[in-house]
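# Overview (structure and organization)
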Amino acid sequence: MSAPAQALQKPHVIDIKNPILTIENLNLWYGNTHALKNISLSIPPQKVTAFIGPSGCGKSTLLRCLNRMNDLVDDVRIEGNLRFDSLDINSPTVDVIGLRRRIGMVFQKSNPFPKSIYENVVYGLRIAGINDRNELDATAERSLRGAALWDEVKDRLYESALTLSGGQTQRLCIARAIAVNPEIILMDEPCSALDPIATARVEDLITELKERYTVVIVTHNMQQAARISDYTAFLYLGELIEYDETEKIFTRPSRQQTQDYITGRFG
């Protein structure tokens, strides 16, 4: 069904105390297409924040703004303020590689390198010039344990990562992301290609990860957002409609558009 006409009202946005990420009046254009329109919200530390909305609403574009992944797209223009603690994310002086080490990313399609399981995990350390075997070994074990994968692969660390199942491969990519000790982990529909059992394992892992990291996830699955996130932002046609605690979004939303979307009336 088509979406109802959008009411002319400001988005409902919860006030987050001491956020780790702050987005203010963010606008993004792909060429002449205005993809994100005046987005403002703050993301709390050590919580799971979900971005939901229909396909093409801007949720993945917003996620990629948080660690400058949109730099890799031609003809992109960004206006607004994005701050990570005191760092201006879009400043031309920012070390983008260093930023992406602090704000890691797990993609929709798992992307293991054609290397061993071990080398996949320690890749980021090797790029940083770390080659001490004891440090690499300790990081590999810590990260694989953190990704709930160690017990499954500890006896095959030097086998190709390409031999792993889909769910294992996605957890390997999470292990690779946390190996460099990020503060934030971005996840772009990390379960969309997984079966229900693998999805449940990744969801359990995400819940565990927020004890040590801030997690921001894009998901097309509203039930998944309801299960694992603490806060949820609903976007539609590049605009933020509502951002609040997840329980409130799914039981007592402040905007009719949000209610219509989560009840399946459009989208």
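Here we summarise the structure given alongside this text. Predicted model only: the values in this text are computed from it and were never measured.

## Things to note about the nonpolar core
- Grouped together as the largest cluster of nonpolar side chains are 47 residues, with contacts concentrated most on Leu144, Leu172, Ile174, Met187, Ile206 and Leu209.
- Looking at this core, the element that brings in the most residues is helix 6 (residues 166-178), giving 6 residues.
- If sequence neighbours within four positions are ignored, Leu144 has contacts with Val121, Leu149, Trp150, Val153, Leu157, Leu172 and Ala175.
- Counting 34 residues, the second-largest nonpolar core is a separate cluster that includes Ile16, Ile23, Leu36 and Tyr231.

## Here we look at the pairing of strand 8 (residues 184-188)
- Counted residue by residue, strand 8 has 5 buried out of 5 residues, so it is predominantly covered.
- Burial of strand 8 is two-sided: the residues Ile184, Leu186 and Asp188 facing one way and the residues Ile185 and Met187 facing the other way are all buried.
- In this sheet, strand 9 (residues 214-218) lies alongside strand 8 in parallel orientation, the contact comprising 5 bridges. Paired with Leu186 across the two strands is Val216, which belongs to strand 9.
- As a crossover connection, the stretch from strand 8 through helix 7 (residues 196-209) into strand 9 is right-handed.

## Describing unusual backbone geometry
- The phi dihedral of Asn25 falls on the positive side, at around 50 degrees, and the residue is not glycine.
- Inspection of the secondary structure assignment puts Asn25 in strand 2 (residues 21-30).
- Its identity as a non-glycine residue notwithstanding, Asn181 has a phi of 55 degrees, on the positive side.
- As for its placement among the helices and strands, Asn181 is situated in the loop between helix 6 and strand 8.
- Residue Asn181 is classed as exposed on the basis of its relative accessible area, which comes to 51%.

## Some details on the packing of helix 6 against helix 7
- At their nearest, the axes of helix 6 and helix 7 sit 9 Å apart, and the two run at 20 degrees to each other. Viewed along their axes, helix 6 and helix 7 adopt a mutual orientation that is roughly parallel. Helix 7 is crossed by helix 6, and the crossing has right-handed handedness. Residues Gly167, Arg171, Ile174 and Ile178 of helix 6 form the contact with helix 7, whose own contacting residues are Ala198, Arg201, Val202, Leu205 and Leu209.

## A few points about the environment of Ser110
- Secondary-structure assignment places Ser110 in the loop between strand 7 (103-106) and helix 3 (117-127).
- Take Ser110: its relative accessible area is 22%, and that puts it in the partly exposed class.
- Not counting residues within four places of it along the chain, the set of residues in contact with Ser110 comprises Thr169, Gln170 and Cys173.

## Examining the packing of helix 4 (residues 133-146) against helix 6
- Where helix 4 contacts helix 6, the two axes come as close as 8 Å, and the packing angle between them is 130 degrees. With respect to helix 6, the axis of helix 4 lies oblique. The two elements helix 4 and helix 6 meet at a crossing, and its hand is right-handed. In this structure, helix 4 uses Arg142, Ser143, Leu144 and Gly146 to contact helix 6, whose residues at the interface are Leu172, Ala175 and Ile178.
- Classifying every residue of the contact of helix 4 with helix 6 by side-chain character gives 4 nonpolar, 2 polar and 1 charged.

## Notes on the pairing of strand 9
- The buried fraction of strand 9 amounts to 5 of the 5 residues, a majority that puts the element mostly inside the structure.
- By the alternation rule, side chains of strand 9 split into Thr214, Val216 and Val218 and Val215 and Ile217, which are all buried.
- Bridge count between strand 4 (residues 48-52) and strand 9: 4 bridges; the pairing is parallel. What sits directly across from Phe51, in strand 9, is Val218.

## Structural notes on the sheet that holds strand 4
- Pairing in this open sheet of 7 strands is mixed, and the strands run 1-11-10-4-9-8-7 from one edge to the other. Of all strands in the sheet, those with a lone pairing partner are strand 1 (12-13) and strand 7, marking the two edges.
- Packed on one face of the sheet, helix 6 meets strand 7 and strand 8 and runs near 170 degrees to strand 7.

Reading the values: the criteria
- What you see as residue numbers is a count from 1 along each chain, following the sequence as written.
- Two thresholds apply to this predicted model, a pLDDT of at least 70 for residue-level local features and 80 or more for giving and counting side-chain atom pairs, whereas whole-chain, interface and lining totals are computed over all residues.
- Side-chain measures here rest on the full set of heavy atoms in the structure, leaving out hydrogens and waters.
- What makes a nonpolar core is a set of buried Ala, Val, Leu, Ile, Met, Phe, Trp, Tyr and Cys residues whose side-chain atoms join them at distances within 4.5 Å.
- Relative accessibility decides the category of a residue: with a 1.4 Å probe and only protein chains considered, values under 20% of the type maximum give buried, values over 50% give exposed, and everything between is partly exposed.
- We count a stretch as a helix when DSSP gives it H or I for four or more residues in a row; a strand needs E for two or more, and each element gets its number in order from the N terminus.
- Any two residues having at least one pair of non-hydrogen atoms within 4.5 Å are treated as being in contact.
- By definition, two strands form a pair when at least two bridges between them are found by DSSP.
- Orient the strands so they point away from the viewer; a crossover is then right-handed if the path from the first strand over the helix to the second runs clockwise.
- In this analysis an axis means a line fitted to C-alpha atoms, helices contributing only their contacting stretch, and an angle means the value between N-to-C directions, from 0 to 180 degrees.
- Reported orientations rely on four angle classes, namely roughly parallel under 35 degrees, roughly antiparallel over 145, roughly perpendicular from 65 to 115, and oblique for the rest.
- Should the near helix be turned anticlockwise from the far one by less than a right angle, the crossing is termed left-handed; should it be turned clockwise, right-handed.
- Throughout, the ten residues Ala, Val, Leu, Ile, Met, Phe, Trp, Tyr, Cys and Pro are labelled nonpolar, Asp, Glu, Lys and Arg are labelled charged, and all others, Gly among them, are labelled polar.

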